[in-house]
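In case you want the letters, here they are:
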Amino acid sequence: MATSLARISRRCLTPSLSSNLIRRHFAAEAVAVATTTEAPKPKSEVTPSADRAKWDYRGQRQIIPLGQWLPKVAVDAYVAPNVVLAGQVTVWDGSSVWNGAVLRGDLDKITLGFCSNVQERCVVHAAWSSPTGLPAETLIDRYVTVGAYSLLRSCTIEPECIIGQHSILMEGSLVETRSILEAGSVVPPGRRIPSGELWGGNPARFIRTLTNEETLEIPKLAVAINHLSGDYFSEFLPYSTVYREVEKFKKSLGIAV
Amino acid sequence: MGTLGRAIYTVGNWIRGTGQALDRVGSLLQGSHRLEEHLSRHRTLMSVFDKSPLVDKDAFVAPSASVIGDVQIGKGSSIWYGCVLRGDVNNISVGSGTNIQDNSLVHVAKTNLAGKELPTTIGDYVTIGHSAVIHGCTVEDEAFVGMGATLLDGVVVEKHAMVAAGSLVRENTRIPSGEVWGGNPAKFMRKLTDEEMAYISKSAENYINLAHIHAAENSKSFEEIEVERALRKKYARKDEDYDSMLGIVRETPAELILPDNVLPEKTTTRVPTTHY
């Protein structure tokens, strides 16, 4: 009922020849007005390419090898499907990389240690060189929890740390073992967060030392997230079955499968 | 031996058929909770009604990025993984040689509280760091927006200015040329040295080269990916040091060599820090 109504209304409303002419005249006038009143803008010419893909049914590849570097994911590590691992990235056993994270090891290495986790929407990158002069690779050691939305760039995080959500660790920073960074902290380049302390703020400042109980909780958090990632891991089949949908799709378009 | 080959082939087919049947049984057991995989409907370049993006053929847009609406991207620019450039209510124009790094958001405001129309203009050779949020701003040529920075409506970042990482720049702030502003709310921190200003332009150039590599890699067809995977597997076990000890020089295949201009030349001068 609705479709037939739409069809009828479309046929009635399509303009006749005369109204077409009128519309074209107005359009030309509008263009003339526009060009005369527009101030000359020194805009660079954008030459679009005719065959740029607007939409790729494959989506974004999770693992992007660059040259000889192939990101390596351990067999029991959970890496969410919309994560991008590019270049020299190694995700070790028991660790997890959650949705929307981008680990871009195109300039230097990125290592995610045993039972660590990089939570949602983080960006882990490695710069060309670090201001400390040490190798600019990003090393996240074992039992580290990197909170959601953090940005890590060429930093070293020693074992058993917690990096709060939305924190920013800049080039060359070092977070020593068993320390906690509060949410939203910004660690300037080349700074060191000493062992067993709680730091926070922008720029990160000392808040207090951690008690022994709190220090013992840190690896427990990492292990808890490891258990959680196990649930997510078991949701996915070892090989994708998307090929069946592709076949259905092709059949509906009449392309030979 | 033809019949033996044929027999093995048939057995292989039986096993695959059994596997598919088992898959169906397993799906039945899972019932309504079973995982149904679908094709990705994510659209990299998406138009909103009549506003469609205009992207130069030389620009790299990562497949997981979203360029929506009235967005113009110039030559040599790169939009990295996970970015969202939403030009739905107003216009976004990104110049040439600019890089908008991973997970950033560029949005525009039709009118804000003050009632102004704010298109977002990002000039040439600008570096916008990871996870930056740019809302209705003007960023002029060769500026540097640090990672995690949030630039609110009406902010103007002048040429060669730098916004430090993690800063929150309030509405209608003007960041003058050659200065570093940072913090929450963003305040003047210090002036940039000439070396650092040169570094900004150099880093934008480096990113252009890097973008070419990523663009080439992301646009590979399935066959190319498979060929390279096989090549990589073959060369994974070969260690250069061991080979040189034996006196063998093995050539890595051409597909696996990155162009030279990506990795930096080994220089002894210390690279200036980006902020602070």
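Each remark here, short or long, concerns the structure printed above.
Small disclaimer: the values here were computed from a predicted structure and weren't measured.

The rules we used
Residues numbered from 1 in each chain as written. Chains lettered and ligands numbered in written order. Predicted model: local features only at pLDDT ≥ 70, side-chain atom pairs only at ≥ 80, totals over all residues. Heavy atoms only, no water. Pairing = 2+ DSSP bridges. Helix = DSSP H or I, 4+ residues; strand = E, 2+ residues; numbered from the N terminus. Contact = heavy atoms within 4.5 Å. Buried area = accessible area lost by both parts, 1.4 Å probe. Salt bridge = Lys/Arg side-chain N within 4 Å of Asp/Glu carboxyl O. Polar contact = N/O pair within 3.5 Å; in protein donor to acceptor, adjacent residues only side chain to side chain. Buried < 20%, exposed > 50% of the residue type's maximum accessible area, 1.4 Å probe, protein only.

### Observations regarding the sheet that holds strand β10 (residues 145-146) of chain A
Within a beta sheet, neighbouring strands are joined by backbone hydrogen bonds and run either parallel or antiparallel to one another.
Then comes step 1: Reading across the sheet, the eight strands line up as β3-β5-β7-β10-β13-β16-β19-β20 (chain A) and stay open at both edges, with mixed pairing between neighbours. Looking at which strands have only one partner, the edges of the open sheet turn out to be β3 (78-79) and β20 (205-209) of chain A.

### Topic: the interface of chain A and chain B
The extent of an interface is frequently quoted as the accessible surface area lost upon association of the parts.
Then comes step 1: Taken together, the 59 residues of chain A in the interface contact 64 residues of chain B.
Then comes step 2: In total, chain A and chain B occlude about 5,500 Å² of area from one another, counting both sides; carbon and sulfur atoms represent 57% of this.
Then comes step 3: Three residues stand out in chain A for area buried against chain B, namely Arg52(A), Arg104(A) and Trp128(A), and they jointly supply 13% of the buried area on that side.
Then comes step 4: At the boundary of chain A and chain B, one finds two salt bridges.
Then comes step 5: Here chain A and chain B share ten residue pairs in polar contact (both at pLDDT 80 or more) between them.
Then comes step 6: Elements with a contribution of two residues or more to the side of chain A that touches chain B: β4 (84-91), β6 (102-112), β8 (123-125), β11 (151-153), β14 (168-169) and α4 (242-253) of chain A.
Then comes step 7: Examining the composition of the side of chain A that touches chain B, we find that six residues originate from one element, α4(A), more than from any other.

### As for the sheet that holds strand β3 (residues 60-61) of chain B
Residue and element names in this part refer to chain B.
Then comes step 1: Strand order in the open sheet formed by eight strands is β3-β5-β7-β10-β13-β16-β19-β20, and the pairing between neighbours is mixed. Both outer strands of the open sheet, β3 and β20 (187-191), are each paired with one neighbouring strand and no more.
Then comes step 2: Bridge count for strand β10 (residues 127-128) against strand β13 (residues 144-145) is two bridges, and the pairing is parallel. Its bridge partner being in β13, Ile128 is matched across the sheet by Val145.

### Things to note about the pattern of salt bridges
Then comes step 1: Taken as a whole and judged by the stated rule, the model has 15 salt bridges over all chains.
Then comes step 2: Put simply, Lys220(A) and Glu217(A) hold a salt bridge, and the shortest N to O gap is 3.5 Å. Taken together, the residues span about one helical turn, with Lys220(A) and Glu217(A) both in helix α3 (residues 212-233) at a distance of three residues.
Then comes step 3: Among the residues examined, Glu217(A) registers a relative accessible area of 45% and is labelled partly exposed.
Then comes step 4: The shortest N-O distance in the salt bridge between Glu179(B) and Lys191(B) comes to 3.1 Å. On the criterion of sequence distance, the pair formed by Glu179(B) in strand β19 (residues 179-182) and Lys191(B) in strand β20 is long-range, its members being twelve residues apart.
Then comes step 5: For Glu179(B), a relative accessible area of 12% puts it in the buried group.
Then comes step 6: Take Lys191(B): its relative accessible area is 53%, and that puts it in the exposed class.
Then comes step 7: Where salt bridges share partners, they join Arg104(A), Asp106(A) and Asp102(B) into one cluster.

Note that all results are geometric; they support no functional claim without further evidence.
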